[in-house]
Every structure is written in structure tokens, then in C-alpha cells.
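# Survey of secondary and tertiary structure
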Amino acid sequence: MPEAWRLRPTVIGGETAPDDYVVVDAGGRPIGRIQLIHMAGDRAVWEWSVGLPNPRAPSGEADSLAAAKAAFHDGWTQFAAAIGEIRLARAFAGLAAVHARGYGG
């Protein structure tokens with residue numbers, strides 16, 4: 001994951017959950033989520049998703065946090081290149097409008 005990106009704990013209703021993270025960009029904007037969705041014996045299942053309003057936003061599963069970060073990186077890079085700067089700016093504007101109304105924290 002690029003140095004400009006970081007993970008911060010997801011907060012829902014004032015509570016945080018272990019192994020649940022919001023991916024934020026260098027400007028502090030949320031761009032996705034990575035979370036441990038379940039353990040099956042010794043096998044972990046991590047879910048990752050780009051969290052911008054666009055039907056082409058990628059998502060997937062991985063077997064470790066490191067693998068989920070790498071998959072998110074690849075998914076984000078391809079997504080951003082495919083939709084271009086103008087659509088990406090519109091997606092961020094749409095997300096900011098949702099947050100301004102008090103949703104999607």
C-alpha cells in the first residue's frame with residue numbers, strides 16, 4: 001500500500017471493531033475498507049472494497065491483511081485509471097455530499 005495511504009479503525013456508532021479498517025488517502029479522504037469477515041479454522045477471510053459511489057468500484061477477498069492491502073492497491077490503481085480524474089473527482093464530491101448530510105461517517 002502506498003505510503004500516502006493509511007488504515008484507520010472503522011468507527012460505527014462510536015464503537016470500533018478489531019480488524020476493521022477504513023482506507024484513507026493522503027488528504028484524509030476515505031477511499032475504501034478492509035475488514036476481517038471471518039475465521040475458518042486457521043484460515044482468515046479478509047474483505048476489501050473501494051468505497052466510492054461507482055458501479056465499477058472493485059472489491060474482493062484475501063487470506064491475510066497484507067494480501068488484502070495489496071489487492072486493494074491493485075484494485076484502486078486500476079479503478080482510478082479506468083474512470084479518470086473527472087469521474088474520480090465527481091465520486092469524491094458525491095461522497096462528501098453524503099457525509100455532509102450526516103451519513104457514511
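This section reports on the structure supplied with the text. Worth saying up front: this structure is predicted, and the values here are computed from it rather than measured.

A few words on the pattern of salt bridges. All told, the structure shown has 2 salt bridges when counted by the stated rule. Across the salt bridge formed by Asp20 and Arg33, the nearest N and O atoms sit 2.6 Å from each other. Of this pair, Asp20 sits in strand β2 (residues 15-24) while Arg33 is found in strand β3 (residues 30-40), placing the two residues 13 residues apart along the sequence. Owing to a relative accessible area of 8%, Asp20 belongs among the buried residues under this scheme.

Spatially, 5 strands are ordered β1-β2-β3-β4-β5 in an open sheet, and the strand pairing comes out antiparallel. Every other strand in the sheet has two partners, leaving β1 (6-12) and β5 (59-62) as the edge strands with one partner each. Here the strands of the sheet are splayed against their neighbours by 30° on average, with no regard to which way each runs. With 5 bridges joining them, β2 and β3 adopt antiparallel strand pairing. Across the sheet, the residue bridging to Val23 is Gly32, located in β3. Where helix α1 (residues 65-100) meets the sheet, it contacts β1, β2, β3, β4 (43-50) and β5, and its direction lies at approximately 140° from that of β3.

The rules behind these values
Residues numbered from 1 in each chain as written. Predicted model: local features only at pLDDT ≥ 70, side-chain atom pairs only at ≥ 80, totals over all residues. Heavy atoms only, no water. Salt bridge = Lys/Arg side-chain N within 4 Å of Asp/Glu carboxyl O. Helix = DSSP H or I, 4+ residues; strand = E, 2+ residues; numbered from the N terminus. Buried < 20%, exposed > 50% of the residue type's maximum accessible area, 1.4 Å probe, protein only. Pairing = 2+ DSSP bridges. Axes fitted to C-alpha atoms, helices over the stretch in contact; angles between N-to-C directions. Contact = heavy atoms within 4.5 Å.

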